[in-house]
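Descriptive structure summary
Below are the chains, spelled out letter by letter.
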Amino acid sequence: MDFQRCLLNVGNALCEDEVKSLAFLCTDLLGRNPTIVESASDLFLRLAYQDHLSAERPHLLTELLLIIQRTRLIRELELPELSAATRSLISPYRKLLYDLSEGITVGDLKHVKFLLNNKLPRRKLEDNISTLEVFLEMEHMDLIRDTNLDLLETIIQSVCPMLNEKINHFKALQLTHTSPGAQETGRPRSMSCPFKPNQAPRSLDPERTASLEIPGEELNSLTESTMNTSNTSMARTDVLEMLPAQENNKASSEEHTNVEGLGTYPMTSAKRGICLIVNNYNFTIQALKKREGTMRDEECLHKVFTWLGFEVEIQRDCKREKMLSVLRELGSRPIHSQMDCLVCCILSHGIEGAVYSVEGHTVKIKELMEPVNGFKCPSLAEKPKLFFIQACQGNNEQRAVYIESDGHPVFSDAIQANESIPSDADFLLGMATVPSFVSFRERKHGTWFIQSLCQNLVQMVPRGSDLVSILTKVNADVSQKTDSTGVKKQMPQPAFSLRKKVVFPIPQASPPSLSH
């Protein structure tokens, strides 16, 4: 049977609640709130767009129908069976929540909502809200996650104790399949278990197929004489290639375990998060010139992060205390519990490890990051905090370099990152340049780094690329730029303490135009 016709038949055979269940199970694959899925056809199109479902890859459909126990439909439509070598795409955690929802009666759900009365918004506790929707809201509020089921366990124990056995079984599998290395580093647990014939699928990390690319030795070759590589703790990561598991191949099995241990930060909230842009343009001391072209960077960042689902806030021409107070106030907001991550873009002059306020005082990058770490801002704990720093060196004697045929002058921006490597978990620091090198800012077109960042986000997010891969592409693109003599070069530098991949959900809206 034609695969598209098969999908149509499946959609026609499923009731509304079953479609919602499939959307919930695919939350991690879609990277977005499953409640926006309007129909089975809508769900299948989204999965196909993410390259999870096709005539060549039909097994996800079989797996989903097995989980919701529609085995007769699998047989009638002659869908392929799941072999021992087939890998699951649905996470054990997502399947656990679905199993729990199937065991909770209407009366039990009322009791669950009563126990959550002071923890969830009242509109999320109305009679028409399903068990899966309650679980989803608990995730949004960071009340439950795959590594913290304490509250859920307490509620289940009070409402339907027999279901706690499912949670205990899930925890036991986590312990069984967690390697010592993963326990020490806090990496997510994975369950790399092939399906057995005639058995419901057990799942592994749903994002295992995404690639991770980290800037390699080219960084060292460019900065060999000036860069202290010990301070660039995240500049090099081994990349493991995903290969099918082979019988009696221990090395291949170990490779899979390592790759599958790399999870993805949840991106399921209605709002992705706050994107703060601090744009210092007009400085009050003569030594620091106006940063011509920075408004172009601000405009592009605003367009791109709005498109990605962020609430963009802009602060311009900030004094030192203003810069610090803005970050402190940002870190004190409880609203982060309803969001997935935080982005902060700093556009200013700078020196090593710090940026300048408009009155010429320095603000250390660590001072800006501290108010939003997991200790100071618990609602952002275990969520990615992304900082992008574009800072110029502020040399009053710097010489304009003409690199374009239209003769637009380019000015140097530089900051050294060796004192700014994030020490707290879940931070990413994207620097415009490696230590001792300049970065460039054009009066009309903005900075090489920010413009490349915006362009690659627009191009690569729809492909499902993770943020480190996107920044690697930014490295490649910016490193190819040069002045007319071929001498002036720039190399950006990402540094991070992320424990998972950052994959932004694909926006429904059309990508913004960044043309000059």
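Anything mentioned here points back to the structure above.
Residues numbered from 1 in each chain as written. Predicted model: local features only at pLDDT ≥ 70, side-chain atom pairs only at ≥ 80, totals over all residues. Heavy atoms only, no water.

A short note on the environment of D340
Here D340 shows up in strand β3 (residues 339–351). Along the chain, D340 and A270 lie 70 residues apart, while their C-alpha atoms are 9.0 Å from each other. Apart from residues no more than four positions distant in its own chain, D340 is found in contact with P266, M267, T268, S269, K271, R272, K383 and P384. Of note is the side chain of D340, whose polar atom sits 2.8 Å from the side chain of S269. (Helix = DSSP H or I, 4+ residues; strand = E, 2+ residues; numbered from the N terminus. Contact = heavy atoms within 4.5 Å. Polar contact = N/O pair within 3.5 Å; in protein donor to acceptor, adjacent residues only side chain to side chain.)

Overview of the packing of helix α8 (residues 106–115) against helix α10 (residues 150–159)
At a minimum axis distance of 10 Å, the contact between α8 and α10 shows a crossing angle of 135°. When the axes of α8 and α10 are compared, the pair comes out oblique. Crossing of α8 over α10 shows right-handed handedness. Of α10, the residues touching α8 (which contributes D108, H111, V112 and L115) are I155, S158 and V159. Split into classes, the residues belonging to the contact of α8 with α10 amount to 4 nonpolar, 2 polar and 1 charged. (Axes fitted to C-alpha atoms, helices over the stretch in contact; angles between N-to-C directions. Parallel < 35°, antiparallel > 145°, perpendicular 65-115°, else oblique. Left-handed = near helix turned anticlockwise from the far one by under 90°. Nonpolar A, V, L, I, M, F, W, Y, C, P; charged D, E, K, R; others polar.)

What about the packing of aromatic side chains?
Using the criterion set out here, one finds 4 aromatic pairs in the structure. Geometrically, the ring pair formed by F387 and F427 is tilted, given 6.0 Å between the ring centres and 45° between the ring planes. With F387 in strand β6 (residues 385–392) and F427 in strand β9 (residues 427–431), this pair connects stretches of sequence that are 40 residues apart. Its relative accessible area of 1% is what places F427 among the buried residues. (Phe/Tyr/Trp six-rings, centres within 6.5 Å; stacked < 30°, edge-to-face > 60°. Buried < 20%, exposed > 50% of the residue type's maximum accessible area, 1.4 Å probe, protein only.)

Re the layout of surface pockets
Here the second largest pocket is characterised by a volume of approximately 780 Å³. Lining the second largest pocket we find 36 residues, and of these D17, K20, S130, T131 and E133 sit closest to its centre. Looking at the lining of the second largest pocket, the elements with two or more residues in it are α2 (16–25), α7 (92–103), α8 and α9 (131–140). With 8 residues, the single largest contributor to the lining of the second largest pocket is α2. Residue classes in the lining of the second largest pocket are distributed as 17 nonpolar, 9 polar and 10 charged. (1 Å grid on protein atoms, 1.4 Å probe; cavity = no way out; pocket = protein on both sides within 12 Å on 5 of 7 lines; lining within 4 Å. Points joined across faces, edges and corners; volume = space filled by probe spheres on them.)

So, the side chain of E18
Mapping E18 onto the fold places it in helix α2. Here the side chain of E18 touches C15 through a polar contact of 2.9 Å, landing on its backbone nitrogen. Polar side-chain contacts of E18 include one of 3.0 Å to the side chain of R70. Each residue touching E18, except ones within four places of it in the same chain, is listed here: A13, I68 and R70.

Thoughts on the pattern of salt bridges
Under the criterion given, the structure shown has 23 salt bridges. Taking the shortest distance from any N to any O, the salt bridge between E139 and R94 comes out at 2.8 Å. With E139 in helix α9 and R94 in helix α7, this residue pair connects regions lying 45 residues apart in the sequence. Among the ionic pairs, D477 bridges to K473, the shortest N-O distance being 3.0 Å. One end of the pair is D477 and the other is K473, both in helix α19 (residues 467–480) and 4 residues apart, which spans about a single turn. With relative accessibility at 27%, the residue D477 sits in the partly exposed group. A cluster of three or more residues bridged by salt bridges with shared partners is formed by D28, R94 and E139. (Salt bridge = Lys/Arg side-chain N within 4 Å of Asp/Glu carboxyl O.)

The values reported here are purely geometric and, on their own, carry no functional implication.
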